[in-house]
Amino acid sequence: MSERILTIAHRGAAGEAPENTMAAFQLALEQGCDAIELDVHLSRDGQLIVCHDSTIDRTSDGTGEISNLLAEELKRVDAGRWFGEQYAGERIPLLTEVFDLVPPGVMVNVEIKDTSGHRLEPVLLELLKREGRLDNVVVSSFDHESLALLKQLEERVKVGLLYDCRPVRHALMATITGFDVYSLHPKFKRLDQENIRECIGQGLQVYPYTINDELSIRRAIDYGVSGIISDYPARVKRLLAQ
Ligand code: G3P
Ligand code: CA
């Protein structure tokens, strides 16, 4: 059983600041999060771009597919004003900029979103090695083949299986995938205490997403999950301290 429940800031403190921006990451750090979850895509010129959607339309004043845009074009758009005027001027971060901000003691959970077309995995691995982040980054994805490829390229990388179903089958699957899985990232609504215990008993970390309301956070704490992925890290910290 994991002793300490990690507070994992989903897209930063995305409930209080524009998701996947430096402002959201900075706020999450100030709130004392243990880890930051973020999403990455590859730009047209092969840069790792931090953004949830495959397009920038929803979370910026720009438009277009990230894979069709150069990093310098992505840098020109405003990624904060849509959330609130006080965030005007926020830029879409490069993953390397987030590593410059986040101290090594805070884990980063990099979710691979962009799994079509060109391969992002070697680019990500190269960056993790260059930045000395192999030990305190967990790479997760709904695309488990992408994670398998990462492990094939670099055995030391920690990978987490994301999915939207009960975890037991996947915990078992993790033992037959042929690669070593560090963590499970199931949808919280699918969980019960029994299967969480089973997974943790198998030596896996269990980080359910995305848990925002107080009642659900309390339930996750009672269940004994390994970490709580939330848009409201300050709320999680407060309830954990009670
Ligand atoms: O990593 C957990 C969660 O972020 C997965 O869903 O859509 O918020 O990226 P989504
Ligand atoms: Ca995500």
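Residues numbered from 1 in each chain as written. Chains lettered and ligands numbered in written order. Predicted model: local features only at pLDDT ≥ 70, side-chain atom pairs only at ≥ 80, totals over all residues.

- An unreviewed UniProt entry lists the protein under the name Glycerophosphoryl diester phosphodiesterase, with Paenibacillus nasutitermitis as the source organism.

### Some thoughts on the pairing of strand β6 (residues 158-163)
Move 1: Within β6, five of the six residues are buried, leaving the element largely enclosed by the surrounding structure.
Move 2: Bridging between strand β5 (residues 137-141) and β6 involves four bridges; their strand directions are parallel. Paired with Ser-141 across the strands is Leu-161, a residue of β6.
Move 3: As paired elements, β6 and strand β7 (residues 183-186) share four bridges and run parallel to each other. Among the inter-strand pairings, Gly-160 is bridged to a residue of β7, identified as Ser-183. (Buried ≥ 20, exposed ≤ 12 C-beta atoms within 10 Å, placed from the backbone. Helix = DSSP H or I, 4+ residues; strand = E, 2+ residues; numbered from the N terminus. Pairing = 2+ DSSP bridges.)

### Remarks on unusual backbone geometry
Peptide bonds are trans in most cases, and residues, glycine excluded, mostly fall at negative phi.
Move 1: Phi at Arg-11 takes a positive value of approximately 55°, unusual for a residue other than glycine.
Move 2: Exposure remark for Arg-11: the 26 C-beta atoms within 10 Å place this residue in the buried category.
Move 3: Positioned with a positive phi, Asn-20 is a non-glycine residue whose angle comes to about 55°.
Move 4: The topology assignment puts Asn-20 in the loop between β1 (6-10) and α1 (22-30).
Move 5: Given 28 C-beta atoms within 10 Å, Asn-20 falls into the buried group.

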